[in-house]
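One letter stands for each residue in the lines below.
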Amino acid sequence: MGVFKLGKMTFGSLFKKPETVLYPIETKPQPAGLKGHIAIDVETCILCGMCDRSCATNCITVNKQENYWEIDRFQCVQCGYCITVCPKKCLSMDPNYAPASTVHKADRFDVPTQDAAPAKKAAEKADAPQPAAASAEDVEKTSEAVDSALEGKIALMDPEKAEKVRAALAARNA
Ligand code: SF4
Ligand code: SF4
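Figured I'd write up the structure that's included with this text.

Thresholds, definitions, all that
- Residues numbered from 1 in each chain as written.
- Chains lettered and ligands numbered in written order.
- Predicted model: local features only at pLDDT ≥ 70, side-chain atom pairs only at ≥ 80, totals over all residues.
- Heavy atoms only, no water.
- Helix = DSSP H or I, 4+ residues; strand = E, 2+ residues; numbered from the N terminus.
- Contact = heavy atoms within 4.5 Å.
- Areas by Shrake-Rupley, 256 points an atom, 1.4 Å probe, with all protein chains shown as cover.
- Near = heavy atom within 4 Å.
- Nonpolar A, V, L, I, M, F, W, Y, C, P; charged D, E, K, R; others polar.
- Buried < 20%, exposed > 50% of the residue type's maximum accessible area, 1.4 Å probe, protein only.
- Pairing = 2+ DSSP bridges.
- Core = buried A, V, L, I, M, F, W, Y, C linked by side-chain atoms within 4.5 Å.
- 1 Å grid on protein atoms, 1.4 Å probe; cavity = no way out; pocket = protein on both sides within 12 Å on 5 of 7 lines; lining within 4 Å.
- Points joined across faces, edges and corners; volume = space filled by probe spheres on them.
- Axes fitted to C-alpha atoms, helices over the stretch in contact; angles between N-to-C directions.

**Concerning the overall build of the protein**
Then, in step 1: Looking only at helices and strands, the protein features six helices and five strands.
Then, in step 2: Pairs at least 24 residues apart make up 65% of the contacts formed inside the protein by residues separated by at least 6 positions.
Then, in step 3: Summed over its atoms, the accessible surface of the protein is roughly 13500 Å², and 60% of this surface lies on carbon and sulfur atoms.

**Some thoughts on the site of ligand 2**
Then, in step 1: Residues in contact with ligand 2 amount to 14 residues; listed here are only the nearest, Cys45, Cys48, Gly49, Cys51 and Cys86.
Then, in step 2: When its residues are assigned to classes, the shell around ligand 2 shows twelve nonpolar, one polar and one charged.

**Quick look at the site of ligand 1**
Then, in step 1: As a structural note, the neighbourhood of ligand 1 is formed by Ile38, Cys55, Thr57, Cys59, Ile60, Ile71, Cys76, Val77, Gln78, Cys79, Gly80 and Cys82.
Then, in step 2: Tallied by class, residues from the shell around ligand 1 come to nine nonpolar, three polar and no charged.

**Details of unusual backbone geometry**
Then, in step 1: Backbone geometry at asparagine 67 places phi at a positive 55°, although glycine is not the residue there.
Then, in step 2: Along the polypeptide, asparagine 67 turns up in the loop between strand E2 (60-63) and strand E3 (68-71).
Then, in step 3: For glutamine 78, which is not a glycine, the phi torsion comes out positive at approximately 55°.
Then, in step 4: Turning to its location among the elements, glutamine 78 is positioned in the loop between E3 and helix H3 (81-85).

**Focus: the environment of lysine 64**
Then, in step 1: Within the secondary structure, lysine 64 is located in the loop between E2 and E3.
Then, in step 2: As a C-alpha pair, lysine 64 and leucine 47 span 17 residues in sequence and 5.9 Å in three-dimensional space.
Then, in step 3: Filtering out sequence-adjacent residues up to four positions away, lysine 64 remains in contact with Ile46 and Leu47.

**Quick notes on the pairing of E3**
Then, in step 1: Side chains Tyr68 and Glu70 project from E3 onto one buried face, and the interleaved Trp69 and Ile71 project onto a second face that is buried too.
Then, in step 2: Count of turn residues in the E2/E3 antiparallel hairpin: four residues, of which asparagine 67 carries a positive phi of about 55°.
Then, in step 3: Pairing analysis gives four bridges linking E3 to strand E5 (residues 107-110), with the strands arranged antiparallel. Looking at the pairing, tryptophan 69 lines up with phenylalanine 109 of E5.

**Here we look at the nonpolar core**
Then, in step 1: By size, the foremost hydrophobic cluster in this structure holds 18 residues, and its most contacted members are Ile38, Cys51, Ile60, Trp69, Ile71 and Leu91.
Then, in step 2: Breaking this core down by element, the ones donating at least two residues are strand E1 (37-40), E2 and E3.
Then, in step 3: The contacts of isoleucine 38, once residues within four sequence positions are left out, are Trp69, Ile71, Arg73, Cys76, Cys82, Ile83, Leu91, Ser92 and Met93.

**Considerations on the layout of surface pockets**
Then, in step 1: Reported here for the second largest pocket is a volume of approximately 160 Å³.
Then, in step 2: What lines the second largest pocket is simply Arg73, Phe74, Ala98, Pro99, Ser101, Val103, Lys105 and Asp107.
Then, in step 3: Of the residues in the lining of the second largest pocket, the class split is four nonpolar, one polar and three charged.

**Quick notes on the sheet that holds E2**
The strands making up a sheet are joined through hydrogen bonds of the backbone, oriented either antiparallel or parallel.
Then, in step 1: With antiparallel pairing, three strands are arranged side by side in an open sheet as E2-E3-E5. At either end of the open sheet lies a strand with only one pairing partner, and these are E2 and E5. Each strand axis lies, on average, 15° off the axis of its neighbour in the sheet, ignoring direction.
Then, in step 2: Taken together, the four bridges between E2 and E3 define a ladder with antiparallel strand orientation. Paired with threonine 61 across the bridge in E3 is glutamate 70.

So, in structure tokens, the structure goes:
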């Protein structure tokens, strides 16, 4: 490269915005499909261990006794295979890189116990708005409509049977 060309490039770069950013303080927008890090939705995980058994680098640990899911991000090669084998679809590829670290440690996520799930659902149900109780007027109107429909059916029966049905209804309502 000629001296003139090199000088032009060097001089030109003095007035251009740098191509690099101060990572991890600054980050560039992530392109679609970038393999950043594996993320888990712990609410959906059932601790089946499929991801643990399928991981090529053995970096996932599923502990059903202590209810946690753990990943060693230093060993993960972002192949994405665990995402495809998870039966609950609770693993995904987050396009953001995991934070830089100088300490080798695994990321542990506590998974809610399956025993806690019905209790959680019951609490959600209790918080949900309940339908308004029917008023006494509505109840009376409904029972009048039922009586009228029944009377229509009884009227079509033979007189002896109709009499028995009326007697049974009167005994029930007494
Ligand atoms: S992306 Fe690949 S290496 Fe990383 S945890 Fe999943 S299966 Fe293992
Ligand atoms: S395969 Fe999915 S549901 Fe099973 S332990 Fe792994 S993350 Fe949880």
